Amino acid sequence: MKVILKGYVDNLGDAGDIVEVANGYANNFLIPQNLAMRATKGAVADSEALMRSRQKREAVEIAQAEEQAKGLSGRVLVIQATAGEDGTLYGSVGKRDVADALASATGVTVDSKKIDLDRPIKAVGQHEVGVRLHREVVATVTVDVVADEVIESGSEVLEEALAEDAVDEADVPATDPADTEDDEV
């Protein structure tokens, strides 16, 4: 069945494209989801107008994305994270962290879904990360993960930290539950 796409559909085409698809795919998915319409004679003429407007709009979007990409390419984003002695992070730096750092450093807000990061960053150092500003435009930024606090491994350090916590707890005065009930009345 020939259908005219109303918008971008992955692995199929963009708005205004006339494509041949299986009847079931058209009738059960594309048309009910309002992603396509049947390719009738009148609709084909409308699709040509739709394609012209799409091409103009897309040219403007690509130009804007390329302009943003020029400003972002080569940028270094510094993200602080807690790390161990060997440079391994306690936790990780993910897409949302990169998007937040990008927004605070450049003022450009990008959805975290548009950050090309296969898996979260789990080590201190510089990492190249792609930012998809448009389907055809990708800017590459450098994410420099630095350790804000280095946690030393070893039993001596752990014992010292536990001893400090025990001293801190001893300094806190105990409260009597009966005292708090009288104050509330």
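A brief structural summary.

Let us now look at helix H2 (residues 41–72). The first and last C-alpha atoms of H2 sit 46 Å apart over 32 residues, in line with the 46 Å expected at 1.5 Å per residue. The complete set of buried residues in H2 reads Ala43, Ser47, Arg54, Glu58, Ile62, Ala65, Ala69 and Leu72. Among the residues trailing H2, Gly74 stands out with phi positive, at a value near 85°.

Time to look at the side chain of Asp144. Within the element layout of this structure, Asp144 appears in strand S9 (residues 137–151). Lacking a salt bridge, the buried Asp144 has Arg75 as its closest oppositely charged neighbour, with an N-O distance of 13 Å. Each residue touching Asp144, except ones within four places of it in the same chain, is listed here: Val76, Leu77, Val78, Ile79, Gly125 and Gln126.

As a further point, take the environment of Glu20. Topologically, Glu20 is positioned in strand S2 (residues 18–20). Overall, the relative accessible area of 55% leaves Glu20 in the exposed class. Sequence-wise, Glu20 and Lys2 are 18 residues apart; in three dimensions their C-alpha atoms are separated by 4.4 Å. A polar contact of 2.8 Å, which involves the side chain of Glu20, links it to the backbone nitrogen of Met1.

Right, let's get into the sheet that holds S2. Judged by pairing direction, the sheet is antiparallel, and its three strands sit side by side in the order S2-S1-S3 without closing on themselves. If you trace the sheet from one side to the other, it starts and ends with S2 and strand S3 (36–38), each paired once. Going across the sheet, the axis of each strand differs from the next one's by a mean of 40°, ignoring polarity. In this structure, strand S1 (residues 2–5) lies alongside S2, joined through three bridges in antiparallel fashion. Looking at S2, one finds that Ile4 is bridged to Ile18. Contacts from H2 reach S1, S2 and S3 within the one sheet, and its direction differs from that of S1 by about 30°.

Phi is positive for Asn11, which is not a glycine, with a value near 60°. Following the sequence through the fold, Asn11 ends up in the loop between S1 and S2. Owing to a relative accessible area of 81%, Asn11 belongs among the exposed residues under this scheme. Even without glycine at this site, Asn34 takes up a positive phi of about 60°. As for its position among the elements, Asn34 is in the loop between helix H1 (23–30) and S3. With relative accessibility at 48%, the residue Asn34 sits in the partly exposed group.

Our focus in this paragraph is the environment of Glu128. Along the chain, Glu128 falls in strand S8 (residues 125–134). Judged by relative accessible area, which is 58%, Glu128 ranks as exposed. With twelve residues separating them along the chain, Glu128 and Asp116 place their C-alpha atoms 9.6 Å apart. Residues in contact with Glu128, not counting those within four places in the same chain, are Thr140, Val141 and Thr142.

Cut-offs applied
Residues numbered from 1 in each chain as written. Predicted model: local features only at pLDDT ≥ 70, side-chain atom pairs only at ≥ 80, totals over all residues. Heavy atoms only, no water. Helix = DSSP H or I, 4+ residues; strand = E, 2+ residues; numbered from the N terminus. Expected span 1.5 Å × (residues − 1). Buried < 20%, exposed > 50% of the residue type's maximum accessible area, 1.4 Å probe, protein only. Lys, Arg positive; Asp, Glu negative; His and termini not counted. Salt bridge = Lys/Arg side-chain N within 4 Å of Asp/Glu carboxyl O. Contact = heavy atoms within 4.5 Å. Polar contact = N/O pair within 3.5 Å; in protein donor to acceptor, adjacent residues only side chain to side chain. Pairing = 2+ DSSP bridges. Axes fitted to C-alpha atoms, helices over the stretch in contact; angles between N-to-C directions.

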